[in-house]
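# Observations on the model geometry
These are the residues of each chain, in order.
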Amino acid sequence: MEIISKTSRLRAAVAELRKLGRTVGFVPTMGALHHGHASLVRIARERQAAIVASIFVNPRQFAPGEDYESYPRDLVADCEMLRKEGVDLVFAPDADEMYPPGFATRVEVDGISEILIGASRPGHFQGVATVVCKLLCAVRPDFVVLGWKDAQQLVLVTRMVQDLDMGVEIVGAPIVRDGDGLATSSRNARLDPAARSRALAIPRALAEARRLAEAGERSAAALAGAVRTMLEESPGLEVDHVEAVDARTFAPAEEIRGSVLLLVAARASRADGPAVLLLDNLRFDCNASGALVGVS
Ligand code: AMP
């Protein structure tokens, strides 16, 4: 496994893999890697692809006052994990390599960038779209693996790739959870034990929504309302949003039909430090006659 910090070397190394006839899968990350990231690499590996992973904490997707400086970083441990998972190339540029003096381009995906997480983190998705576009131009993979945990990001990147005819397949990876049900996240390391146990209200509330849907509830408002009530009754959790949306377009969903995501974003407060934003969701898939055929 080669660890690369320069885009020029990355391009050459990918070209060498292509000469060997390999398809190329790409897993972009911000590091502080965990089981969720490993699952993305495994999905790429199952496709027999050469795997490029990137580790870059992208300053442009953090607003002033957010946790850019304190975002967890551990390049050595991350590379060790990627090596064990069979990654071929790790691209770990610094901010000057990605944004050299004079860098002036912004990628804006209208609509989806401004709602939900985009509403509470203005500018965040412009930063995400810009860096993902730049990384895809550098790697030029056949496919990119993205986690459904960050559903809004996944749908935004899908829109961008379609709009710009980038010719990259988007592969969505299911949410990986810790043993207690909390969606695995680099930011979970910030949760003290009390905050973590409060955060478990999120998977509990989603499990209740699942139970209600499996019992026949099809009103998106009823499911979102049940989740919101459970979260609002949990001390130490501040709800950012609970919304049901179409899984392809992110348009608001009124009923569970087709593929619907029930999205949760909530801040878990900590005794000593700023609250930690946690994201989770549940996906409902129905068949053409409206029967619920999958919840994940
Ligand atoms: P991050 O390093 O947090 O920017 O995440 C990099 C990629 O890993 C994104 O596509 C995330 O959606 C994905 N990811 C992070 N956590 C999980 C998880 N628990 N399950 C599945 N994918 C995840």
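One can find the structure itself at the top, above this paragraph.
Nothing here was measured: the structure is a model prediction, and the numbers come from that model.

Within the protein one finds 10 helices and 10 strands. The C-alpha radius of gyration of the protein comes to 19 Å, within 12% of the 19 Å expected for a compact globule of 296 residues. Taking the principal axes of its C-alpha atoms as reference, the protein extends roughly 55 × 50 × 35 Å. The buried share of the protein, reckoned over its 296 residues, is 51%. Working note: accessible area of the protein is about 13500 Å², and carbon and sulfur atoms make up 52% of it. On the protein, the mean spot of the 34 positive side-chain charges and the mean spot of the 39 negative ones are 4 Å from each other.

Counting buried positions along strand β7 (residues 237-246) gives seven out of 10 residues, so the element sits mostly inside the fold. For β7 and strand β8 (residues 259-268), the ladder comprises nine bridges, and the chain directions are antiparallel. Looking at β8, one finds that E238 is bridged to R267.

Closest axis-to-axis distance for the helix α6 (residues 124-139)/helix α7 (residues 151-163) pair is 10 Å, and the angle between their directions is 55°. By the angle between their directions, the pair α6 and α7 is classed as oblique. Crossing handedness for the pair α6 and α7: right-handed. Across the interface between the two elements, F125, V128, A129, V132, C133 and L136 of α6 pack against Q152, Q153, L156, V157, M160 and V161 of α7. In the contact of α6 with α7, the residues fall into 10 nonpolar, two polar and no charged.

Turning to the site of the ligand, a few remarks are in order. As a structural note, the neighbourhood of the ligand is formed by 17 residues, with M30, H37, G147, D150 and T184 the closest of them. Contact distances for the ligand include 2.9 Å between an oxygen atom and a backbone N or O atom of M30. V176 is positioned with one of its backbone polar atoms (N or O) 2.9 Å from a nitrogen atom of the ligand. Within the complex, the protein chains bury 93% of what would otherwise be the 490 Å² of accessible surface of the ligand. Within the residue set of the shell around the ligand, elements represented by two or more residues are β2 (24-29), α2 (35-46) and β5 (143-147). Among the elements that take part in the shell around the ligand, α2 stands out by supplying three residues, more than any other.

All right, on to helix α10 (residues 220-232) then. Helix length check: α10, at 13 residues, gives a terminal C-alpha distance of 18 Å against a target of 18 Å (1.5 Å per residue), a fit within 8%. All of the buried residues along α10 are A220, L223, A224, V227 and L231. For α10, the arc enclosing every buried residue in end-on projection is 95°, short of the 170-degree limit, so these residues lie on one face. Relative to its buried face, α10 has exposed residues pointing more than 90 degrees away, namely A221 and E232.

This paragraph deals with the pattern of salt bridges. Overall, the coordinates contain 22 salt bridges when judged by the stated rule. Of the charged contacts in the structure, one is a salt bridge between E2 and R9, with a shortest N-O distance of 2.8 Å. The exposure class of E2 is partly exposed, given its relative accessible area of 28%. Looking at R9, the relative accessible area reads 29%, which means it is partly exposed. With a closest N to O distance of 2.7 Å, E66 and R121 form a salt bridge. Taken together, the residues E66 in the loop between β3 (50-55) and α3 (75-84) and R121 in the loop between α5 (117-120) and α6 connect sequence positions 55 residues apart. Residues joined by salt bridges that share partners form a network here, namely E2, R9 and E16.

Cut-offs applied
- Residues numbered from 1 in each chain as written.
- Predicted model: local features only at pLDDT ≥ 70, side-chain atom pairs only at ≥ 80, totals over all residues.
- Heavy atoms only, no water.
- Helix = DSSP H or I, 4+ residues; strand = E, 2+ residues; numbered from the N terminus.
- Rg over C-alpha atoms; globule rule 2.2 N^0.38 Å.
- Buried < 20%, exposed > 50% of the residue type's maximum accessible area, 1.4 Å probe, protein only.
- Areas by Shrake-Rupley, 256 points an atom, 1.4 Å probe, with all protein chains shown as cover.
- Lys, Arg positive; Asp, Glu negative; His and termini not counted.
- Charge placed at Lys NZ, Arg CZ, Asp CG, Glu CD.
- Pairing = 2+ DSSP bridges.
- Axes fitted to C-alpha atoms, helices over the stretch in contact; angles between N-to-C directions.
- Parallel < 35°, antiparallel > 145°, perpendicular 65-115°, else oblique.
- Left-handed = near helix turned anticlockwise from the far one by under 90°.
- Contact = heavy atoms within 4.5 Å.
- Nonpolar A, V, L, I, M, F, W, Y, C, P; charged D, E, K, R; others polar.
- Near = heavy atom within 4 Å.
- Polar contact = N/O pair within 3.5 Å; in protein donor to acceptor, adjacent residues only side chain to side chain.
- Expected span 1.5 Å × (residues − 1).
- Arc of directions from axis to C-beta.
- Salt bridge = Lys/Arg side-chain N within 4 Å of Asp/Glu carboxyl O.

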